[in-house]
Amino acid sequence: MYDAAKNFSVHNQPCCNPIRGSRYMDLVRRVEVCILKLDKLEAATGFQRHSLSLLCLLLVFSDRQVTDPRDRIYGMLALGTAEYANLLNPDYNLTPEQVCEEVAIKSTQRTGKLEFLSYLSGYENKKLPSFVPDWTVASGSLERIEILLKRVNSHMLFRASLSTPAKLRVISKGAIAVQCQFFDTVESALHPIEHFNVFNRN
């Protein structure tokens, strides 16, 4: 079903313009996302032999409704596998922001990866440190979730530190220190939208 939905989308782009933007395309996108979620659940129940990132689950199921925002995280804890299993214990004495920070810090301590940085989608919650994603709010539309998932999946293609694990130290509440190596300095950068427009004109 996933292949059929994906192939329909790909086929539509070059030759079947009349159906673009129709209710059928919206339905196909929903099918793709729903099957992706089922695939994540399948991995969580042991049918696949790879670790299931709790951080990825928090994004995939971010559109689910909850009464307590902390349950967007606590409700997913049992689905994490391997190094993500039992990542933290539910504690309702903590604020939603403290729970998010705990996920970011403990995931790095467990995995040796700064994976949580890939989930930053805009510094919108002023109560959160700038390095902590807000996993207690819905990620928005299906299109937004798809974009974030593609970005998260692509981070696995990059390994600047090779097999060297990340070393994270908590300095104080809302502040961390991470060991790093400076290679160069970026003098200027083009805004992503401007870059896209320039690419299209050429």
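In every chain, residue numbers begin from 1 and rise along the written sequence. Only residues with pLDDT of at least 70 are given local features in this predicted model, and only at 80 or more are side-chain atom pairs given and counted; all residues enter the totals for whole chains, interfaces and linings. Hydrogens are left out, water is left out, and the side-chain values use all remaining heavy atoms of the structure.

Asks: Describe the packing of aromatic side chains, with residues and values.
Replies: A pair of aromatic rings is counted whenever rings of Phe, Tyr or Trp (Trp by its six-membered ring) have centres within 6.5 Å, and the orientation is called stacked for planes under 30 degrees apart, edge-to-face for over 60 and tilted otherwise. By the definition in use, this model includes three aromatic pairs. Ring centres of Tyr74 and Tyr92 lie 5.1 Å apart, and the angle between their planes is 75°; on these two criteria the pair is classed as edge-to-face. Separated by 18 residues along the polypeptide, Tyr74 in helix H4 (residues 71–74) and Tyr92 in the loop between H4 and helix H5 (96–111) bring together distant segments of the chain. An angle of 65° between the planes, with centres 6.3 Å apart, marks the rings of Phe116 and Phe131 as edge-to-face. Taken together, the residues Phe116 in the loop between H5 and helix H6 (142–154) and Phe131 in the loop between H5 and H6 connect sequence positions 15 residues apart. Note on accessibility: Phe116 and Phe131 belong to one class, buried. Numbering of helices and strands runs from the N terminus, with a helix taken as a DSSP run of H or I at least four residues long and a strand as a DSSP run of E at least two residues long. Buried means the residue's accessible area, taken with a 1.4 Å probe over protein chains only, is under 20% of the maximum for its type, while exposed means over 50%, and partly exposed covers the values in between.

Asks: Describe the side chain of Glu102, naming the residues involved and giving the relevant values.
Replies: Within the element layout of this structure, Glu102 appears in helix H5. A contact between two residues is defined here by any heavy atoms of the two lying within 4.5 Å. Apart from residues no more than four positions distant in its own chain, Glu102 is found in contact with Leu88 and Leu94.

Asks: Tell me about the pairing of strand S2 (residues 175–178), and please be specific about residues and values.
Replies: The two faces of the sheet receive side chains in turn, since in a regular strand these alternate between them. Two strands pair when backbone bridges link them, and strand S1 (residues 168–172) and S2 are joined in this way by four bridges, in the antiparallel orientation. When the sheet's bridge partners are listed, Val170 is paired in S2 with Ile176. Joining the antiparallel neighbours S1 and S2 is a turn of two residues, in which Gly174 adopts a positive phi near 80°. We call two strands paired when DSSP finds no fewer than two bridges between them.

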